[in-house]
Amino acid sequence: MRTMKGKMILLLLVGVFSFSLASEQETLATCPTTVDCSQYTSCTTCTSSPPSGSYCGWCGTSNTCMNATAGGSICTGSCGVSGCFKTSSTYCPTVSDCSSLTSCNDCTNAQCAWCGQSHKCEESSSSGLTPCSGDACSVCWKNTDTYCPAVADCSTIDNCADCADAKCAWCGNTRTCSEASSSGLTPCSGDSCKQCFKTTDTYCPKVKDCSTLHNCTACAEAQCYWCGATSTCLEGTSSGLTPCSGDSCSACWKGTTTYCPAVANCSTLTSCSECAQEGCAWCGSSRTCTEASSSGLSPCKGPACDVCWKTTDTYCPAVEDCASLTNCSSCTNQGCYWCGQTQTCREGSSSGLTPCVGGACDLCWKETDTYCPATNCSTISNCRDCTASSMCGWCDDTQQCMEATTSGSAPCQGLCNVWAFGDCAMVCAKKYPNCTSCNTQNDPVGCAWCSGALVNGSPLTTPSYCALTVSSTDRSQPSSDHYKCSTWSPEVCPACSTYGDCASCTSNSACGWATTSSPTGLNMNSSCVEGNEKFPFMKTAGLLLISYYYGTCSLSVPQCNPLSSSCDHCIGTPGCVFCSPTQACVPGNATNLYVPVMTCLTLQKQACSPSTASGGSSDSGFSFFTGGHTVSSSTTTTGGTSHVGAIVGGVLGGVAFVALVAGGIWFYIRR
């Protein structure tokens, strides 16, 4: 029951509200007839003069006052453009006819609106966004004086600064002044001006026409931009990054004097120093001066200049043309570079490492007179005088003194098989491979045979060779004091190679009997070679010295038992050495660095280590313990036991072990 009563009350309220609304709409839609609105001739009187209970509205399209309802609707007829029927004076112009006003400022101050496209003042709609005339005015419709120019006609202004000051906009493309849209971003004329549309004087040149300026400095100072590629002054866009003309100027577009040359035309300068000092850049390849890009890394005009591009005088020669200098010292002293290969003076690159022209110069490129010959090398006629002269070297092939590379390792010109630099030692060493040829030569250089040469107490890789004498006339001693010869034989050569057996060989105190093999122990060979009691004078590269006998071919060391002797007993026996890895006592020589070091690597001369004193095994690596001076090896003995039996026994034992394992496997499978 309570719910039913509630529904009835709600229906009653809705009915009352609907009746009231209908009554109000009927009242608003009623057109009072107490006044004739057409008597009012202006928008202000039309909307504010009617007596109470009467309503008038102004039609901005026809400029007439019309009767209106209380709700603001036209009683009869129409007003054309939507929004142009006004019942309030808020949107009424302060003049009777907006079209009579001819400037944007007067127009907007009279509460009219200005169309920049047609240059007309019109009454605007109640929203202020459209004209009542119905004409379209796109982005140039202005209802405030914010975007109104300060002059009646912007097109009469002929320069950017005056144009911007007059609140107009400058188009750098066409160099014309026009009214700007209400946003200030485009011209009202409708023409496109891309990035060259300017509404402030920030990017305006200080001159009417930039193209009248003909050098970079004057151009940049006038707030124009210099194009180094075309050598022209142009107006820049509003960003200043490109020209308004649309032409591309790549890396040569300059808006400041920082990159401007100090001269009007760089190409008139003919030397590197003058060019660089005037703010231009020198191309050493073409020997031309040109304007540099804004980065300074490339020319504004012409081809690239690779490594010979110079913007400072650091690498500039002191002379105009390096090619005019004809010798190394005068060339390098003038900041040029000497090419020993071609014997020419050239300009160097910006790094100084290569020539600007003429091709590479390899190892004969010289930047200072440190590497210049003190005299003309070609005038010297003998090796000793030649090698004594700075940066000259002797080519024995052609018997010529020649300029040397910076390292001295070769001549600057051509190839040379026998080349001497610093002294003539290489002539003796390369030309005369044996004692006979060395001592019988009649070479003016002065050579003699050196046997057992030592450097700092150690034998040379080639301990016997033809050496340079102290002078071309004095053969009594070698020329250098950094090595000494065990035997100096300027006249007589040892006849070692004539002996075919050990006995006759060792009878000559200048010879010794050597047995060598390949590093694997194969290809054994015995021969009589030069030597002394310490070592043979022979090339050992690629060879294993098995044994070397000097003074005798027999070993009277019967106590060298290779398998049963202890280390202490072994090294206490003269002529015996102890090899700890094999626990063998074998004949050897404590002073001989070749035998048997080739086998055991480390030679122990004085005492046994604790782990090997009783003949036990050693973990100290390969070593020999020695106590005598007779020279031999573990593979060549007289009166001793050879290691061959031990090696064969080891091999047979290994075979037996393999057979035993194979038999066990076979038995397991059969089972």
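By convention here, each chain's residues receive numbers from 1 onward along its written sequence. It should be noted that, the model being predicted, local features are given only for residues of pLDDT at least 70 and side-chain atom pairs only at 80 or more, the latter also being counted only at that level, while totals for whole chains, interfaces and linings use all residues. No hydrogens and no water enter the side-chain calculation; it runs on all heavy atoms of the structure.

1. A word on the overall build of the chain
The helix and strand tally for the chain stands at 14 helices and 32 strands. Residue contacts are counted whenever heavy atoms from the two residues lie within 4.5 Å of one another. In the chain, of all internal contacts separated by at least 6 residues, the share reaching a separation of at least 24 is 47%. Accessible area for the chain stands at about 34500 Å²; split by element, carbon and sulfur atoms hold 55% of it. Strands are runs of DSSP state E lasting at least two residues, helices are runs of H or I lasting at least four, and both sets are numbered from the N terminus onward. Computed with the Shrake-Rupley method and a 1.4 Å probe, the accessible areas treat only the protein chains shown as cover for residues.

2. Some words on the confidence of the model for the chain
Here the chain shows a mean pLDDT of 77. Residues at 70 or above account for 78%. On a scale of 0 to 100, pLDDT captures the predictor's confidence in every residue. Predicted confidence for residues 590–606 stays below pLDDT 50, and this span has 51 contacts to residues more than four positions away or in other chains. In the model, residues 612–671 has pLDDT below 50 throughout and makes 116 contacts with residues more than four positions away in sequence or in other chains.

3. Re the sheet that holds strand β7 (residues 169–171)
Spatially, three strands are ordered β8-β7-β9 in an open sheet, and the strand pairing comes out antiparallel. This sheet does not close on itself; its edge strands, each paired only once, are β8 (176–178) and β9 (197–198). One ladder, built from three bridges, connects β7 with β8; its direction is antiparallel. If you follow Cys-171 over to β8, its bridge partner there is Thr-176. A pair of strands counts as paired when DSSP detects no fewer than two bridges linking them.

4. Some words on the packing of aromatic side chains
Pairing of aromatic side chains requires ring centres within 6.5 Å, counting the rings of Phe and Tyr and the six-membered ring of Trp. Pairs whose planes differ by under 30 degrees are stacked, by over 60 edge-to-face, and all others tilted. What the rule picks out here adds up to three aromatic pairs. Relative to Trp-253, the ring of Tyr-225 lies with its centre 5.0 Å away and its plane at 5°, an arrangement referred to as stacked. Residue Tyr-225 is found in strand β10 (residues 225–227), and its partner Trp-253 is found in strand β12 (residues 253–254); the two are separated by 28 residues along the sequence. The same class applies to Tyr-225 and to Trp-253, which are both buried. Relative accessible area decides the class of each residue, using a 1.4 Å probe on protein chains only: under 20% of the type maximum gives buried, over 50% gives exposed, and in between gives partly exposed.

5. Thoughts on the side chain of Glu-235
Here Glu-235 is to be found in the loop between β11 (232–234) and β12. Since its relative accessible area comes to 10%, Glu-235 is described here as buried. Between N or O atoms, a polar contact is any pair within 3.5 Å; within protein, one atom must be a potential hydrogen donor and the other a potential acceptor, and residues adjacent in sequence are included only when both atoms are from side chains. A polar contact of 3.2 Å, which involves the side chain of Glu-235, links it to the side chain of Trp-170. A distance of 2.8 Å separates the side chain of Glu-235 from the side chain of Lys-198, its partner in a polar contact. When residues no more than four places from it in sequence are discounted, the contact partners of Glu-235 are Trp-170, Gly-172, Lys-198, Pro-205, Cys-210, Pro-243, Cys-244 and Trp-253.

6. A short note on the pairing of strand β26 (residues 511–517)
Within β26, seven of the seven residues are buried, which leaves it mostly tucked inside the rest of the structure. Side chains Cys-511, Trp-513, Thr-515 and Ser-517 of β26 all project onto a buried face; the interleaved residues Gly-512, Ala-514 and Thr-516 project onto the opposite face, where all are buried too. Where β26 lies against strand β27 (residues 525–530), six bridges are found, and the strand directions are antiparallel. Residue Trp-513 lies in a different strand from β27, and its bridge partner there is Cys-528.

7. Here's the deal with the sheet that holds strand β16 (residues 337–339)
Across the sheet, which stays open at both edges, the three strands sit in the order β17-β16-β18 with antiparallel pairing between neighbours. Strand pairing shows two members of the sheet lacking a second neighbour, β17 (344–346) and β18 (365–366), which therefore form its edges. As judged from the two bridges shared by β16 and β18, these two strands associate in the antiparallel manner. Opposite Cys-339, over in β18, you have Trp-365 as the bridge partner.

8. Some thoughts on the side chain of Lys-142
In this fold, Lys-142 is placed in strand β6 (residues 141–142). Reaching out from Lys-142, the side chain makes a polar contact with the backbone oxygen of Tyr-147 at a distance of 2.8 Å. One polar contact links the side chain of Lys-142 to the main-chain carbonyl oxygen of Ala-180, over a distance of 2.8 Å. Leave out the neighbours within four places in its chain, and Lys-142 touches Cys-104, Thr-108, Ala-113, Trp-114, Tyr-147, Pro-149, Glu-179, Ala-180, Ser-181, Ser-182 and Cys-188.

9. Some thoughts on the environment of Leu-454
Topologically, Leu-454 is positioned in strand β22 (residues 447–455). On the basis of relative accessibility, which here comes to 14%, the residue Leu-454 falls in the buried class. Between the C-alpha atom of Leu-454 and that of Lys-484, which follows or precedes it by 30 residues, the distance is 5.5 Å.

10. Examining the pairing of strand β1 (residues 56–59)
Alternating positions in β1 separate into two faces, Cys-56 and Trp-58 on one and Gly-57 and Cys-59 on the other, with burial throughout. As paired strands, β1 and strand β2 (residues 64–67) are joined by four bridges and run antiparallel to one another. Looking at the pairing, Cys-59 lines up with Thr-64 of β2. Taking the residues that link successive antiparallel strands as the turn, the β1-β2 hairpin has four residues, and the phi of Asn-63 there is positive, at about 55°. The pairing of β1 with strand β3 (residues 85–86) spans two bridges and is classified as antiparallel. Across the sheet, the residue bridging to Cys-59 is Phe-85, located in β3.

11. A few points about the pattern of salt bridges
Put simply, a salt bridge is a Lys or Arg side-chain nitrogen that is within 4 Å of an Asp or Glu carboxyl oxygen. Inspection of the entire model under this criterion finds nine salt bridges. Lys-208 is paired through a salt bridge with Asp-158; the nearest N and O atoms lie 3.3 Å apart. Of this pair, Lys-208 sits in the loop between β9 and α5 (216–221) while Asp-158 sits in the loop between β6 and α4 (160–165); the two residues are 50 residues apart in sequence, bridging distant segments of the chain. Put simply, Lys-366 and Glu-403 hold a salt bridge, and the shortest N to O gap is 2.6 Å. In this pair, Lys-366 sits in strand β18 while Glu-403 sits in strand β20 (residues 400–403), placing the two residues 37 residues apart along the sequence. The residues Lys-366 and Glu-403 share a single accessibility class, namely buried. Beyond isolated ion pairs, a larger network of salt bridges with shared partners links Asp-396, Lys-431 and Asp-443.

12. Focus on the environment of Gly-408
By secondary structure assignment, the location of Gly-408 is in the loop between β20 and β21 (419–421). Gly-408 gets classed as buried once you look at its relative accessible area, which sits at 6%. Along the primary structure Gly-408 and Gly-422 are separated by 14 residues, whereas in three dimensions their C-alpha atoms are 8.2 Å apart. Setting aside chain neighbours within four positions, we find Gly-408 in contact with Trp-419 and Phe-421.

13. Focus: the environment of Thr-487
Take Thr-487: it is sitting in strand β25 (residues 484–489). Along the sequence, Thr-487 and Gly-452 sit 35 residues apart, while their C-alpha atoms lie 6.4 Å from each other. What Thr-487 contacts, discounting residues up to four positions off in sequence, is Trp-449, Cys-450, Ser-451 and Phe-537.

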